[in-house]
Amino acid sequence: MSRYEVPLDVVRAAPKVHAATFASTTDEKTSDESTAAVAEATWQTISSGELVPGDIVSASSLLGKTLPADMALISSATVVTNEAMLTGESTPSSKTAIKPATLSQVMEGTQNEQELEKSMLWGGKLLLRAVPEDAQDAEVRAIVLSTGWSSTKGSLVKMMLFTKPIESKFYSDAFKFILILTIMACIGFIGSVINFVKKGVSGGEIALRLIDLFTICIPPALPAALSIAHTFALNRLKRQNIHCIAPQRISVAGKVFIAVFDKTGTLTEGGLDVRGVRLPSGERVNRLGELAEKVSDVQEDEHDVKMVEAMAVTHDVTVIDGEALGDPLETSMLAWTGWLMEESPRPLEGVHVEVGDKQPKATCARSADGTSSAALLREFEFSPALRRMSVVTQGSSVEKARNYVKGASEALAPLCDPATIPEGYHNVLHDATVKGIRVLAFAYKKVSLSYNGSQRLSRDSVESQLNFLHLLFFENKLKEMSGPAIEELQQASIPCKMCTGDAVDTAIAIARQCNLIATGQPVFVPRLPEANSQERTSTAGQASSRGGTFVNQPTELIWSDIDLPLGSEAGSETGLDPYSLTPKDPSLSLSQVGLALTGDVFTHLLTHASQETLSRLLVRAAVFARFNPELKAELIEQLQKLGHTVAFTGDGANDTGALKAADVGLSLSEAEASVAAPFTSGNDTIGSLTALIKEGRNALATQVAMFLFMAVYAISEYYSVIFLHGQATSFDNASYLYIDIFEVFFMLSFFGSVTFLIVAQTVPYIVLHEQSWYQAPDVDPDDLVLDDQDSTVVAKTNFFTLVWAGLVWNIGPPHREPVYRNYLLVLALVGLFTVSLAILFSNTDGNGMQKLYGFFEILYSFLGLIFGVVLIQTVYIFVWELVLIEPIAKAMDGPMLKWRRFKLKRRNAKISSRNGGGGGEETLEVEKKYRSVERALKLEDAQRKKMMQEKH
Ligand SMILES: Nc1ncnc2c1ncn2[C@@H]1O[C@H](COP(=O)(O)OP(=O)(O)OP(=O)(O)O)[C@@H](O)[C@H]1O
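All values reported here derive from a predicted model rather than from experimental measurement.

Let's talk about the overall build of the protein
- What the protein contains, in helices and strands, is 32 helices and 29 strands.
- For the protein, buried positions account for 55% of its 952 residues.
- Total accessible area on the protein is roughly 41200 Å²; 57% of this is exposed by carbon and sulfur atoms.

Pasting the structure below:
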């Protein structure tokens, strides 16, 4: 049995302490006994290849190494791993010990993934830190859950080895073409057999020649030829620091129709600089004060001290070797406070913690001057769905424990006592977010509990009945490359969209900075009538403060112009018509306005809107804000349902779903390969997507070229052989070798054209038969390989034809380098041309070349005719490809579209008759959908072109 193994020494508990007993217990007492049994175990060092699920290993022995299997942490410890390979996010993530109940659920396969994730040390991740919480513990223990192919790293390798088949029109067309070639081979087969039998050819010779015929028609080199384009593209991408685990996706990248980008860390810098804080001023509560840019600007009263303490503790930052590692937002926030994170000495010195029978978590935050400190008793991790995180702490400044909550402003506001929310809160938020500033809100409440009590708290109880504390502002700088990359994509007619978890105002401001939305273009955002607000995935305090009429109709959206000050809208006077989406302001046309959708509206539309409205909005909107990870993936699927090939570029754990759902998922990550996406770029810029699309188009063009070349090679050789079989003769073996080896393997990247080749192949053959000096070959029933005029003329024509076809179809642009830059190809072409010319005119009976190929001496004037035919054929191909194809294709566009519509109608009619009628409406709906999408796209295109023209 094959196995996937990472050879590494691992310290494992002696097999007698196998962990199944530990896992099967749910009550705390027995679990403690099991833990004690494991702790007393003797340890042995084994190879990682010997690990099996259920083994208990010492995670401490793997420090600084890549984990060899998927394991769950079972002892209380501070463990930090780098998740770049899994989520694309290279920030370290902390782990907590798995609960025995969760472990037994894992064994039964009924585990809650979110719960499990907190304790998982996934195979393939780098173990950065493993410190036991209890000082008496020598080892940090983990239980092996899966190894080899079943581990995360194993599945990454499996993904590389066995990529999911991709539905591709090119491949299905290629198979259809091979079918046609097979039919041709069968026809040729029947004709040749009849002819051979008539001429008395022996059975063995007939069989031999017919096998030739089939291998000619169905070229065995075709699969290798098609994958060569991917191999070259892979190497070129690697040189640009873009890695791929699913090579077939490269040509899909060439067909990308819509590009969707995550915002934070993808379009904007991952690292965020703190701009300052605003907290209730002077008389407190009523008003937010001025921006305090430095911590030294903050007053030293109780409220302000709490604010600094909140920022020092509400995060998931870990300090390793003096370096703070974690979410860049949180590391810069901690740095701003000037507080330090440290391992607490036991007992926790200077920190008032009620110690029960368990030691508290060994981390505390301490102010730089050492006068204040706070111990972290409990942490509820940041959840993108809730958009907040919280901690339970006990500080030295006040005797009681406190809960601190940090999160998105609109996620926190509803959890706070309204009396503590300062006046003008929404205006302050709006003013900041429209400038692209990222805002986080903080809240707190006082509690009184012991360490053990804090461990029993539920998230809901910690994050409710809060008091508003302050707002924290971050600078969200656009990456230098984002604007130019988006412009390049737009010039290539690829619509670009942003999908982010951030606030809609911030998202629009950033979209304007990077030209996703043109500067000065009004942007409309729909919101739900109040009656539907319960459905919202986010509580939009900000949106509801915008005014407007609330209507109790499920699909009637209220549109607001994002640039109007809060509360200044007249509701029905501004915005868009809910059905036609045309602006109510007659001076504006649809193409002049930008649209942005929020996650709550999108969720509502998914269930209530008609497919047509949804498609229009999805096609027209450039910004999707407050989208949680599930909605991001849903958006990608909805765009795909409209028939588009969608690319998604993201960098974080909240992008994993979208990266997987997209046709082309590009993860901006440090890791060389990420299970989250088929493509990983270490460049940290969306310029990687343009590079990927270019390579994709190039690979696709090359594949088509190769396919055509192989087809020409097959058809041209087929014709030659059929002619010769007609005379009961065949190519000499050396001629076959020439065509198979030189033409195929050296010039796999060449295109060919079938029609002209057939003409070029036929003319010399027919003219030869008209010559007075022509001699039909004497048939040898046991050997069809003869030195005769027919095989000489057909072979000499054949050699040339492919050289010219190779040149013409490799001209290069738009998606490939010009042919003269491909030095090897030029060299090969010149070489092959020279060889073909030498073969053509080496005409003296008995010279080496003649003998090798078994050629017959032919009049020089006839050889000149062959050369002339080849030249004319080349000119034909040039004219056809470079001049005629485009206008013909354009002329065919209309009928093709009609044909597609007709096919769509017929398919829908069939479906409806199968489902028992009612198809008329359905067909109409689908038809309408396509028309509206087409119309919207055309409009968007025209608008983009106009903008470009204005710009230039
Ligand atoms: N560490 C954190 N602690 C508390 N709240 C946070 C934290 N990180 C983000 N948030 C809040 O939750 C919101 C959603 O975060 P999420 O990570 O899903 O998206 P994002 O980082 O804002 O944007 P993007 O999706 O573009 O990466 C943020 O806009 C912010 O308000």
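Structural notes on the packing of helix H12 (residues 302-313) against helix H13 (residues 328-337)
- Where H12 contacts H13, the axes come no closer than 8 Å and their chain directions differ by 140°. In this view, H12 runs oblique relative to H13, as classed from their interaxial angle. In the packing of H12 onto H13, the handedness of the crossing is left-handed. Every residue of H13 that contacts H12 at Val308, Met311 and Ala312 is listed here: Met333, Leu334, Trp336 and Thr337.
- Each residue belonging to the contact of H12 with H13 can be placed in one class, and the counts come to six nonpolar, one polar and no charged.

Looking at a nonpolar patch on the surface
- A cluster of nonpolar residues, Val875, Val879, Trp880, Val883 and Leu884, forms a patch on the protein surface that exposes about 400 Å² of accessible area.
- When you line up the elements, Val879 lands in helix H31 (residues 860-914).
- You can call Val879 partly exposed: its relative accessible area is 36%.

What about the site of the ligand?
- In the neighbourhood of the ligand, 20 residues make up the surrounding shell, with Asp262, Thr264, Arg438, Thr500 and Lys632 lying closest.
- A distance of 2.7 Å is found between an oxygen atom of the ligand and a side-chain nitrogen or oxygen belonging to Asp262.
- In the model, an oxygen atom of the ligand is placed 2.8 Å from a nitrogen or oxygen of the Arg438 side chain.
- For the shell around the ligand, the secondary-structure elements that each account for two or more residues are helix H11 (263-267), strand S19 (401-408) and strand S20 (438-447).
- With three residues, S19 is the single largest residue contributor to the shell around the ligand.
- Here the shell around the ligand is built from residues that sort into five nonpolar, five polar and ten charged.

Side note on the UniProt feature "transmembrane region" (unreviewed entry) in the protein
- Under the feature "transmembrane region" (unreviewed entry), the UniProt entry names residues 174-194, 206-229, 704-724, 744-768, 823-842 and 862-883.
- Regarding residues 174-194, the helix share stands at 100% and the strand share at 0%, and the terminal C-alpha atoms are separated by 30 Å.
- As a span, residues 823-842 carries 95% helix and 0% strand, and end to end its C-alpha atoms are 28 Å apart.

Observations regarding the packing of helix H21 (residues 599-608) against helix H23 (residues 629-641)
- Where H21 contacts H23, the two axes come as close as 11 Å, and the packing angle between them is 50°. Here H21 is positioned oblique relative to H23, judged by the angle of their axes. Note on packing geometry: the crossing formed by H21 with H23 is left-handed. Between H21 and H23, the contacting residues are Gly599, Phe602, Thr603 and Leu606 on the first element and Leu631, Glu634, Leu635 and Gln638 on the second.
- In the contact of H21 with H23, the residues fall into four nonpolar, three polar and one charged.

Quick word on the packing of aromatic side chains
- Enumeration over the complete set of coordinates arrives at four aromatic pairs.
- Between the aromatic rings of Phe624 and Phe627, the centroid separation amounts to 5.6 Å while the plane-to-plane angle is 70°, which identifies the pairing as edge-to-face. Of the two residues examined, Phe624 and Phe627, each falls in the buried class.
- Pairing Phe833 with Phe867 gives two aromatic rings, centres 6.5 Å apart and planes at 45°, and the pair type is tilted. One end of the pair, Phe833, is in helix H29 (residues 823-841); the other, Phe867, is in helix H31, with 34 residues separating them in the sequence.
- An aromatic cluster is defined as three or more aromatic residues linked by ring pairs; in this entry it consists of Phe602, Phe624 and Phe627.

Examining the pattern of salt bridges
- Evaluated as defined, the whole model comprises 15 salt bridges.
- Between Lys632 and Asp262 there is a salt bridge; the shortest N-O distance is 3.0 Å. In this pair, Lys632 is assigned in helix H23 and Asp262 in the loop between strand S11 (258-261) and H11, connecting sequence segments 370 residues apart.
- Via salt bridges that share partners, Lys263, Glu410, Arg438, Asp502 and Arg626 belong to a single interconnected network.

Details of the sheet that holds strand S26 (residues 621-625)
- The strand order across the open sheet built from ten strands is S10-S29-S28-S27-S11-S22-S26-S25-S23-S24, with neighbouring strands paired in mixed fashion. The open sheet has two edge strands, strand S10 (242-244) and strand S24 (558-561), and neither has a second partner. Adjacent strand axes in the sheet meet at a mean angle of 25°, parallel and antiparallel pairs treated alike.
- The pairing of S10 with strand S29 (residues 679-681) spans three bridges and is antiparallel. Paired with His243 across the strands is Thr680, a residue of S29.
- Relative to S26, helix H19 (residues 504-513) is tilted by about 140°, and along the sheet it contacts strand S22 (496-499), strand S23 (523-527), strand S25 (594-598) and S26.

Observations regarding the nonpolar core
- Core analysis: the largest hydrophobic core is formed by 44 residues, its most contacted members being Phe261, Ile508, Val623 and Leu689.
- Here this core gathers at least three residues from each of two domains, domain 2 (169-240 + 701-885) and domain 3 (241-269 + 479-501 + 628-682).
- Not counting residues up to four positions away in its chain, the partners in contact with Leu689 are Ala259, Phe261, Leu489, Ala647, Thr649 and Leu666.
- Among the nonpolar cores identified, the runner-up in size contains 36 residues, and Leu595, Leu635, Leu639 and Ala677 belong to it.

Looking at the side chain of His315
- Mapped onto the elements, His315 comes out in the loop between H12 and strand S13 (318-320).
- By relative accessible area, which is 2% here, His315 ends up buried.
- Within the structure, His315 has its side chain in polar contact with the backbone oxygen of Ala312 (distance 2.5 Å).

So, the pairing of S24
- Across the two faces of S24 the burial is the same, with Ile558 and Ser560 and Trp559 and Asp561 all buried.
- By the bridge criterion, four bridges tie S23 to S24 in an arrangement that is antiparallel. In the strand pairing of S24, Pro526 is matched with Trp559.

Overview of the state of the cysteines
- Counted by the stated rule, this structure contains zero disulfides.
- Cysteine Cys496 shares no disulfide, and the gap to the nearest cysteine sulfur, in Cys514, comes to 8.7 Å.
- Take Cys496: its relative accessible area is 6%, and that puts it in the buried class.

A few points about the environment of Asp563
- Among the structural elements, Asp563 can be located in the loop between S24 and S25.
- Other than its neighbours up to four places away in sequence, Asp563 contacts Arg512, Gln521, Pro522 and Val523.

Focus on the confidence of the model for the protein
- Put simply, the protein has an average pLDDT of 74, and 68% of its residues get 70 or more.
- Long-range and interchain partners of residues 739-752, a stretch whose pLDDT sits below 50, account for 61 contacts in this model, where long-range means more than four residues apart.
- Segment residues 917-927: pLDDT under 50, and 15 contacts once partners within four positions in sequence are set aside and those in other chains are kept.
- With a pTM of 0.69, the predicted complex shows an ipTM of 0.96.

Structural notes on the environment of Thr690
- Residue placement: Thr690 occurs in helix H25 (residues 687-726).
- The exposure class of Thr690 is buried, given its relative accessible area of 8%.
- Spatially, the C-alpha atom of Thr690 lies 9.9 Å from that of Ala259, the residues being 431 residues apart in sequence.
- Each residue touching Thr690, except ones within four places of it in the same chain, is listed here: Ala485, Glu488 and Leu489.

What to know about the pairing of S26
- Burial analysis of S26 places five of its five residues in the buried class, the great majority of the element.
- Note: S22 against S26, two bridges, orientation parallel. Note that in S26 the partner of Met498 across the bridge is Val623.
- Direction of pairing for S25 relative to S26: parallel, over a ladder of four bridges. Directly across from Leu595, in S26, lies its bridge partner Ala621.

Reading the values: rules and limits
- Residues numbered from 1 in each chain as written.
- Predicted model: local features only at pLDDT ≥ 70, side-chain atom pairs only at ≥ 80, totals over all residues.
- Heavy atoms only, no water.
- Helix = DSSP H or I, 4+ residues; strand = E, 2+ residues; numbered from the N terminus.
- Buried < 20%, exposed > 50% of the residue type's maximum accessible area, 1.4 Å probe, protein only.
- Areas by Shrake-Rupley, 256 points an atom, 1.4 Å probe, with all protein chains shown as cover.
- Axes fitted to C-alpha atoms, helices over the stretch in contact; angles between N-to-C directions.
- Parallel < 35°, antiparallel > 145°, perpendicular 65-115°, else oblique.
- Left-handed = near helix turned anticlockwise from the far one by under 90°.
- Contact = heavy atoms within 4.5 Å.
- Nonpolar A, V, L, I, M, F, W, Y, C, P; charged D, E, K, R; others polar.
- Patch = residues over 30% accessible without salt bridge, like charges linked within 9 Å, V, L, I, M, F, W, Y side chains within 5 Å.
- Salt bridge = Lys/Arg side-chain N within 4 Å of Asp/Glu carboxyl O.
- Near = heavy atom within 4 Å.
- Polar contact = N/O pair within 3.5 Å; in protein donor to acceptor, adjacent residues only side chain to side chain.
- UniProt positions renumbered as here; feature names shortened; annotations may be inferred.
- Phe/Tyr/Trp six-rings, centres within 6.5 Å; stacked < 30°, edge-to-face > 60°.
- Pairing = 2+ DSSP bridges.
- Core = buried A, V, L, I, M, F, W, Y, C linked by side-chain atoms within 4.5 Å.
- Domains from an automatic or database assignment.
- Disulfide = S-S within 2.5 Å.
- pLDDT = per-residue confidence, 0-100.

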